[in-house]
Amino acid sequence: MANYNISIIKGDGIGPEIVDEAIKVLNVVGKKFDINFSYTEYLMGGCAIDATGNPLPQETVDGVLASDACLFGAIGGQKWDNLPRELRPESGLLRFRKEMGVFANLRPAMVYDELVDASSLKPSVIQGVDIMVVRELIGGIYFGEPKGKDEFKGWNTMVYTVPEIERIAHIAFKLALKRGKKVCSIDKANVLDVSQLWRDTVIRIGAQYPDVELTHMYVDNAAMQLIANPRQFDVMLTGNIFGDILSDEASMLSGSIGLLPSASTGLKTAVYEPIHGSAPDIAGMGIANPIATISSASMMLRYSFGEEKAADAIDNAIKKAMKDGFRTKDLAAFGAIEVVNTSKMGDIIALNI
Ligand code: IPM
Ligand code: MN
């Protein structure tokens, strides 16, 4: 029987509630497909600050690195917002990504047919949207040196080296081969030197993938095109900060930020997490939408373990729950036959499997 060790970081706010539902679903899918999962929990973010004074304890780094993959909830909250920046939960997250070597962040944005009305865009614009944003995650302006701030100025540096661009480009082209065979690389090559290097390098790597159509777009235009005609995109390849911004924009095509998963893969291990945050305002109320986290568990099965059938089973179970009219509160206005709480949504998806 296949056996996988999953490290679990529940985090803050709604993190624990939504991760519990994903574990519930994993256990059911494991039984059905004869896969054994074992879980080890680690602290990160605000809860780690409260327990240890450090948003990213060394034990967490070591434990996650030793695991087969990590399932992550969400971190942060107002409670820790006034700490100096290096001590805040977000700094722990950035350090975590770097330590894990997860340079490739995959953020799908797709539209569930049952929820086409939930988007702020017209159904005719978003129906059938299926985009994968491939965001470079451990380089660019988030990490570039020099950086700093004094009383008079603040500065950060956007740096990309050729090997950093090459490895993320390969990920995007390989993914495109399994999807719509199109890569649109996003940059600001009309202004930034770093973007000119990005574009030259992507073109060179693209030549190794003759079956993939490569196009380029400036980031400002891409922001506009995502709203004007999102169906034109298949894989969007971007650097760290452009990907941060565009993936939030792309997520809104689907109507609810509570639906979308993400995968961060790279050199050592992989981390799977919902793209939404810790939503401290609704924590503990049992109303959070667990679907993004459950869907992240499906990505884990697909990308880390190659358990395609089990992943499909989860995806189909989510779709069936949608089709049958079960909605958490965030989507109550869109085709709900029954509004259910976080745990009930987990039960329904587990049952569908
Ligand atoms: C994200 C978040 C993070 C980022 C923050 C919390 C550091 O916005 O995962 O997109 O900017 O990468
Ligand atoms: Mn973001």
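Here the structure is a predicted model, which is why all the values come from computation and not from measurement. Sequence order as written defines the numbering, with residues in each chain counted from 1. Labels are handed out in written order, letters beginning with A for the chains and numbers beginning with 1 for the ligands. The model is predicted, so local features are restricted to residues of pLDDT at least 70 and side-chain atom pairs to those at 80 or more, both for listing and for counting; the totals for chains, interfaces and linings are taken over all residues. With hydrogens and water excluded, all non-hydrogen atoms of the structure serve as input to the side-chain values.

### Observations concerning the overall build of the chain
The condition that has to hold: To qualify as a helix, a DSSP run of H or I must reach at least 4 residues; to qualify as a strand, a run of E must reach at least 2; elements of each kind are numbered from the N terminus. For the radius of gyration, the atom set is restricted to C-alpha positions; the globular benchmark scales as 2.2 Å times the number of residues to the power 0.38. To sort residues, take the accessible area from a 1.4 Å probe on protein chains only and compare it with the maximum for the residue type: under 20% means buried, over 50% means exposed, and anything in between is partly exposed. Throughout, a residue-residue contact means that at least one pair of heavy atoms, one from each residue, lies within 4.5 Å.
Check the secondary structure of the chain and you find twelve helices and 14 strands. On C-alpha atoms alone, the chain measures out to a radius of gyration of 20 Å, which is about the 20 Å that the 2.2 N^0.38 rule sets for 353 residues. A principal-axis box enclosing the C-alpha atoms of the chain has dimensions of 50 × 50 × 40 Å. Burial status across the chain gives 53% buried among its 353 residues. Once local pairs closer than 6 in sequence are excluded, the contacts in the chain between residues at least 24 apart make up 75%.

### Focus on the environment of leucine 192
Within the element layout of this structure, leucine 192 appears in the loop between strand E8 (182-187) and helix H7 (193-206). Overall, leucine 192 belongs to the partly exposed group, its relative accessible area being 28%. It is 9.1 Å that separates the C-alpha atoms of leucine 192 and methionine 158, two residues lying 34 residues apart in sequence. Apart from the residues within four sequence positions on either side, leucine 192 is in contact with Met158 and Phe242.

### With respect to the pattern of salt bridges
Stated formally: By convention in these notes, a salt bridge is any Lys or Arg side-chain nitrogen within 4 Å of a carboxyl oxygen on Asp or Glu.
Counted according to the given criterion, the structure contains 18 salt bridges. Between arginine 88 and aspartate 81 there is a salt bridge, with the nearest N and O atoms lying 3.5 Å from each other. Taking the shortest distance from any N to any O, the salt bridge between arginine 135 and aspartate 244 comes out at 3.7 Å. Of the two residues, arginine 135 is situated in strand E5 (residues 130-136) and aspartate 244 in helix H9 (residues 240-251); the sequence distance between them amounts to 109 residues. Through salt bridges that share partners, Arg302, Glu308, Asp312 and Asp315 make up one connected network.

### Side note on the domain arrangement of the chain
Quick note on the threshold: Where a domain begins and ends is set by an automatic assignment or by a domain database. Counting of polar contacts relies on pairs of N or O atoms within 3.5 Å, with two restrictions inside protein: one atom must be capable of donating a hydrogen and the other of accepting it, and residues adjacent in sequence are counted only when both atoms are side-chain atoms. The residue classification treats Ala, Val, Leu, Ile, Met, Phe, Trp, Tyr, Cys and Pro as nonpolar and Asp, Glu, Lys and Arg as charged. All others, Gly included, are polar.
The domains assigned to the chain are domain 1 (1-105 + 255-331 + 342-353) and domain 2 (120-254). When each unit is reduced to the centre of its C-alpha atoms, the spacing between domain 1 and domain 2 is 24 Å. With 18 residues of domain 1 at the interface, the matching set in domain 2 holds 17 residues. Where domain 1 meets domain 2, there are zero salt bridges. For the interface between domain 1 and domain 2, the tally reads three residue pairs in polar contact (both at pLDDT 80 or more). Within the residue set of the side of domain 1 that touches domain 2, elements represented by two or more residues are helix H4 (89-100), strand E4 (104-110) and helix H10 (291-304). Across the side of domain 1 that touches domain 2, the residue classes tally to eleven nonpolar, five polar and two charged.

### Considerations on helix H6 (residues 162-177)
To keep things clear, this is the line we draw: Expected span of a helix: the number of residues minus one, times 1.5 Å. Summarising the geometry, the arc corresponds to the directions from the helix axis toward the C-beta atoms.
Over its 16 residues, H6 runs 23 Å from end to end, which matches the ideal 22 Å to within 8%, given 1.5 Å per residue. Residues Glu164, Ile165, Ile168, Ala169, Ala172, Phe173, Leu175 and Ala176 constitute the buried set of H6. Seen along its axis, H6 keeps its buried residues to an arc of 160°; they face one direction.

### Concerning the packing of aromatic side chains
What counts, and what does not: Put simply, two rings from Phe, Tyr or Trp (the six-membered ring, in Trp's case) pair if the centres are within 6.5 Å, and we call them stacked under 30 degrees between planes, edge-to-face over 60, tilted for the rest. The rule for a charge over a ring is simple: NZ of Lys or CZ of Arg within 6 Å of the ring centre, and within 35 degrees of the ring normal.
A full pass over the atoms with the stated rule returns five aromatic pairs. Ring centres of phenylalanine 173 and tyrosine 209 lie 5.1 Å apart, and the angle between their planes is 10°; on these two criteria the pair is classed as stacked. With phenylalanine 173 in helix H6 and tyrosine 209 in the loop between H7 and strand E9 (213-218), the pair connects residues that are 36 residues apart, well separated along the chain. Above the face of the tyrosine 142 ring, arginine 135 is positioned so that its terminal group lies 5.4 Å from the ring centre. Lying across the ring of phenylalanine 103, arginine 167 places its NZ or CZ 4.3 Å from the centre.

### Describing the site of ligand 1
Let me state the cut-off plainly: It suffices for a single heavy atom of a residue to lie within 4 Å of a molecule or strand for the residue to be listed as near it. Areas reported here follow the Shrake-Rupley algorithm with a probe of radius 1.4 Å; residue values treat only the protein chains shown as occluding.
Neighbouring residues of ligand 1: Glu90, Arg97, Arg107, Arg135, Tyr142 and Asp244. Side-chain polar atom of arginine 97 to an oxygen atom of ligand 1: 2.7 Å apart, as the coordinates give it. At a separation of 2.8 Å, an oxygen atom of ligand 1 approaches a polar side-chain atom of arginine 135. The fraction of the free accessible surface of ligand 1 (320 Å²) that becomes covered by protein chains is 71%. Classifying every residue of the shell around ligand 1 gives one nonpolar, no polar and five charged.

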